[in-house]
Each structure stands twice: as structure tokens, then as C-alpha cells.
Amino acid sequence: MKQGSKIELPLWLGEMLALSQSLNTSSLVTLDPPSALAPRVLNALKADPRTVDLRALAPHFYNLGARILELFEEEEMIEVLSDTFKSRSAVIADQAHNPRGALGEGADFMRGLDENERQLFRTAHDSAKAVRAWMTDIKKK
Amino acid sequence: MALPLPPGLTPPEIAFLCEMELVTVIPRQRLEGLDLLGGNLRPLNPPHRTPLPLWLALLLKRQRRANMVPPPWLSQHSLEAILDYETEHDDVFSPPPRLPSAPSNNALAFSPPFLSSSTADAAADALPYHWLELGEMLLEAASDDFEDPDTMRKLLRGLREVRMAKLRKIVEKLDADGGVKMNGIGAMEIGEGRAFVGGVIDGLRKIAASREQQRKDRDRDEMENGFSGTADDDEMEMA
């Protein structure tokens, strides 16, 4: 492979090659942030976190972000990701408590959730369901 | 290993805990005093009002041996006032019942759940910790002791909706290392919100993990080199 060429590598491989600089004097590769976390995406998230389809960018968007943040020191990315997660969680909670939400206008948003957010939706939905189940249960007694 | 139950308490467990709350009944039959683990119960003498634990009161009610006296806050007037408060104040829950003033001697002050917040002489203007469970159970088992059970049910549902919406909005104020004020929240609401709010906090911590790690490293360096006495020491200790 030629020096100076750009290639896409799996995260684990890129990470190892980039961190191996302590053994050789110079690092084998330098890393760019992946396209899912490109400045274009971060700007879109800053503008309106609710309309971005995170799933299309990366199924494990936040986990990827956390791994990348271990490699790069980017205070701003932490802020953007935290704010995104917070405002999207609020929508997720509303959807989870609103049984027809998954079919109505929220369908697009629900399809764009990353894995963490799906898990969050499931737990919120389950606990709301458990309380409703208890309420119908005491009526049967 | 996946545990079959989510963290925290399930709704039936919360309802079970609620059953030790004292409620006031008007007995219709005599009953000797009972010596129970939770304390001695006074003998029931109709028609004297007597405080009983909710579980026993429900039992006697189902056997038609007693009538319930709903707590003052579980009335149309109080619930409407509280609902108004909840809709007017966007970001706080209605305040919990006031605690009695601390005893002057060295005795420990009583605090929930050892206060009778649901007997006939409870405060009328505040929702106690177990308001939702107790209200639902009383309305279910003793709807004939209420003047207008359907309106009460509607009011309880309305309160629940408003307050759960507030609980969901809390996440927007959350931080990976901050606290949130939730005074006046009820047991069932904690149970319902725990999984979600906990999940959000976990997610936020994961995102900010690298920053946390940096702080830890910096703190450890400072511990080893002795405190430098800079102004932001306090902030970092809070983290």
C-alpha cells in the first residue's frame, strides 16, 4: 500500500495501527473521524436532532461515538452527542407512552433509532405497560 | 446473565408496599384488637372510626364488615386544586405533604412511610408518596364509599398523565454527572420512570466516558502531586 493513500479499515484495525506508534517511531496510519461522525452530520444534529436518521449512519451510533471520543479529544462532539441523545430520548419517551405513536407520524423517527435508543424505547414501553397491566389487574379482583 | 425482572420494583410490588399505609374505616362489626407484627390494632367498635392498615381494611371491605373513609386529599375538590397546580407549574411536581415539626427531645422525627398520610385526618392539599396506588385500590374496592367515583378516577388519570409528562421532560435537564430535583414524586411514578431515566443516564455517561476518564486521570495526578489549589478543584470533586 502506498504512503499517503486513504482507505477504510475496520475500527479495531485502524485503532491498533494508529496506537502502535509507541513501538515504531512514527504512527502507521492517522485516523479521520468516520463518515457517520463527519462535521456535516454533527451540524445536522445541532440544527435538529430529531430529524436525523441515526440508524442509516451507523446502527450503533452512540457506541461508535463513544469509541471515537476515546481516540480523539473533541469536547464539542461530546456536547453535540449528549444533547442529541437527550432531546431524542424525550421524543422516545413520548412515543413509548403513546401506543399508536409507532404507527402514526412517529414511524419515520422510530425507524431512525440506533440500537441504544431502541433498547431505551423498549424499557420505557415495558414499564408503562406493566403499570397499565397492574391497573387492569386490580379490577379483576 | 439476563435477569427476568427489570431493576427496581414492579407495580404489584409497589402496591404491596402501599398496603401498609394506614387508612380510616368505619367498622360495621365488632372485632377484638389484634396483635400484629406491625403493631397492635385497636379493637373495632362500630361506629367509631379506626385507623387500619390498607390490606386489612380492603379485606374487611370485601367482606362488607367495614366502610372506608377516603383520605381528605382523595376528594374532588382537593384533586382538582392539585391538578390545577400541576398544570400551572410546568417543571415541578405538587409539593408532598408537610412533615410534622421535629420533636424537641432527642427522639427521631417521624418520616414517611411511618406517617399517616392517608387516614381521615391527613392533609387535604398534598399528594402523599403512595397516592396513585392507594387511590386506584380504594376506588376499585370501595367505590361505593365515594360520592362520585367516576370523576375521581378521571381526576387521578389526569394527574398521572400530567405528572408522567413532567417526568419524561426531566431527561432534557439531565447531565451525566448532575442531579435533578424530583420533590413530591410518587412511588408508582418512580417505578414507572426508573428504567427509562436510568437508561438515559447510562447513555449519557457512555457518551461522556472519555471526558470522565480524563477527569479521573487529572484528579489522580493532582492527588499524587498534591493539590495545586486551583479554583476549579471543587468542580472536579463534584463530578
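Residues numbered from 1 in each chain as written. Chains lettered and ligands numbered in written order. Predicted model: local features only at pLDDT ≥ 70, side-chain atom pairs only at ≥ 80, totals over all residues. Heavy atoms only, no water.

1. A short note on the side chain of Arg160 of chain B
Note the following rule: The way it works is that DSSP assigns letters per residue, a run of H or I at least four long becomes a helix, a run of E at least two long becomes a strand, and they are numbered from the N terminus. Whether a residue is buried, partly exposed or exposed follows from its accessible area with a 1.4 Å probe, protein chains only, as a fraction of its type maximum: under 20%, in between, or over 50%, in that order. Pairing of N or O atoms within 3.5 Å defines a polar contact, subject to two protein rules: one partner must be a possible hydrogen donor and the other a possible acceptor, and residues neighboring in sequence count only if both atoms are side-chain atoms. Contacts between residues were defined by any pair of non-hydrogen atoms, one from each residue, lying within 4.5 Å.
Secondary-structure assignment places Arg160 of chain B in helix α5 (residues 149-169). Accessibility expressed as a relative area gives 8% for Arg160 of chain B, which makes it buried. Among the polar contacts listed, one links the side chain of Arg160 of chain B to the side chain of Glu192 of chain B, at a separation of 2.7 Å. Once you skip the residues sitting within four places of it in the chain, Arg160 of chain B turns out to touch Val131 and Met135 of chain A together with Trp131, Leu132 and Glu192 of chain B.

2. So, the nonpolar core
Using the following cut-off: Among buried residues, those of type Ala, Val, Leu, Ile, Met, Phe, Trp, Tyr and Cys that are joined through side-chain atoms within 4.5 Å constitute a nonpolar core.
Within the largest apolar cluster, 42 residues are counted, with the highest numbers of intra-cluster contacts made by Leu37, Leu45, Phe61 and Leu81 of chain A together with Phe196 and Val200 of chain B. The element contributing the most residues to this core is helix α5 (residues 75-97) of chain A, with 10 residues. In terms of nonpolar packing, the next biggest core, distinct from the first, is built from 40 residues, Val23, Leu52, Trp73 and Leu138 of chain B among them.

3. A look at the UniProt feature "domain: DNA replication complex GINS protein PSF2 N-terminal" (unreviewed entry) in chain B
The line we're drawing: UniProt positions are given in the numbering used here, feature names are shortened, and annotations may be inferred rather than shown by experiment.
Here, the residues flagged by UniProt with the feature "domain: DNA replication complex GINS protein PSF2 N-terminal" (unreviewed entry) are residues 10-69 of chain B. Secondary structure content for residues 10-69 of chain B is 28% helix and 33% strand, and the end C-alpha separation is 28 Å.

4. Quick look at α5 of chain A
The line we're drawing: Every helix has an expected span of 1.5 Å times one less than the residues it contains.
For α5 of chain A, built from 23 residues, the straight-helix expectation of 33 Å at 1.5 Å per residue is met to within 8% by its first-to-last C-alpha distance of 33 Å. For α5 of chain A, the buried fraction is high: 18 of the 23 residues fall into the buried class.

5. A word on a nonpolar patch on the surface
Residue and element names in this part refer to chain B. Put simply, the rule is: Like charges are joined within 9 Å and nonpolar side chains (Val, Leu, Ile, Met, Phe, Trp, Tyr) within 5 Å, but only among residues with over 30% relative accessible area and no salt bridge; these make up the patches. The Shrake-Rupley method, run with a 1.4 Å probe sphere, supplies the accessible areas, and residue values consider only the shown protein chains as cover. Counted as salt bridges are all cases of a side-chain nitrogen of Lys or Arg within 4 Å of a carboxyl oxygen of Asp or Glu.
A contiguous nonpolar surface patch, about 300 Å² in accessible area, is contributed by Leu31, Leu34, Leu36 and Trp55. Checked against the element boundaries, Trp55 lands in helix α2 (residues 54-62). Under the relative-accessibility criterion, Trp55 is labelled partly exposed at 39%.

6. Structural notes on the interface of chain B and chain A
Put simply, the rule reads: In short, buried area is how much 1.4 Å probe accessible area vanishes from two parts on joining, totalled over both. We call Asp, Glu, Lys and Arg charged. Ala, Val, Leu, Ile, Met, Phe, Trp, Tyr, Cys and Pro are nonpolar, and the rest, Gly among them, are polar.
Contact residues are listed per partner, giving 31 residues for chain B and 32 residues for chain A. When the buried area of chain B at its contact with chain A is split by residue, Arg168, Phe196 and Ile207 of chain B rank highest and sum to 23% of it. One can count 1 salt bridge joining chain B with chain A. The shortest N-O distance in the salt bridge between Arg168 of chain B and Asp94 of chain A comes to 2.8 Å. Summed over the shared surface of chain B and chain A, the result is 2 residue pairs in polar contact (both at pLDDT 80 or more). Of all the secondary structure elements, the ones that give two or more residues to the side of chain B that touches chain A are α1 (11-18), α4 (131-141), α5, α6 (187-207) and α7 (209-225) of chain B. The leading source of residues in the side of chain B that touches chain A is α6 of chain B, at 10 residues. The residue inventory of the side of chain B that touches chain A, partitioned by class, reads 15 nonpolar, 4 polar and 12 charged.

7. Quick look at the packing of α1 of chain B against α4 of chain B
Describing two packed helices takes the angle between their axes plus the distance from one axis to the other. Residue and element names in this part refer to chain B. Applicable threshold: Angular values range over 0 to 180 degrees, each being the angle between N-to-C directions of two axes fitted as lines to C-alpha atoms, with helices fitted over their stretch in contact. Angular relationships are summarised with four words: roughly parallel below 35 degrees, roughly antiparallel beyond 145, roughly perpendicular across 65 to 115, and oblique for the angles in between.
Across the interface, α1 lies against α4 with an axial gap of 9 Å and an inter-helix angle of 80°. Judged on the interaxial angle alone, α4 and α1 are roughly perpendicular. For the pair α1 and α4, contact is made by Ile14, Ala15 and Cys18 and by Glu133, Leu134 and Met137, respectively. Across the contact of α1 with α4, the residue classes tally to 5 nonpolar, no polar and 1 charged.

8. As for the environment of Glu133 of chain B
Among the structural elements, Glu133 of chain B can be located in helix α4. Note on Glu133 of chain B: relative accessible area 0%, which makes it buried. In this structure, the C-alpha to C-alpha distance between Glu133 of chain B and Pro95 of chain B, residues 38 residues apart in sequence, is 18 Å. Each residue touching Glu133 of chain B, except ones within four places of it in the same chain, is listed here: Trp134 of chain A together with Ile14, Ala15, Cys18, Ala187 and Met188 of chain B. Here His130 of chain B takes part through its side chain, which lies 2.6 Å from a polar atom of the side chain of Glu133 of chain B.

9. A look at the sheet that holds strand β4 (residues 50-53) of chain B
Residues and elements named next belong to chain B. Here is the rule: Any two strands with at least two DSSP-identified bridges between them are counted as paired.
Reading across the sheet, the 3 strands line up as β4-β1-β5 and stay open at both edges, with antiparallel pairing between neighbours. In this open sheet, the two edge strands, each paired with only one partner strand, are β4 and β5 (66-69). Averaged over all pairs of adjacent strands, the angle between strand axes in this sheet comes to 50°, irrespective of strand direction. Here strand β1 (residues 22-27) pairs with β5 via 4 bridges, running antiparallel. The residue bridging Thr24 from the neighbouring strand is Val69, located in β5.

10. As for the confidence of the model for chain A
In low-pLDDT segments, the atomic positions of the prediction should not be examined closely. The condition that has to hold: Summary of the metric used: pLDDT quantifies the predictor's per-residue confidence within the range 0 to 100.
For chain A, per-residue confidence averages 79 on the pLDDT scale, and residues scoring 70 or more make up 87% of the total. For chain A, per-element mean pLDDT is lowest for helix α6 (residues 107-111) of chain A, which scores 75, and highest for helix α7 (residues 115-140) of chain A, which scores 87.

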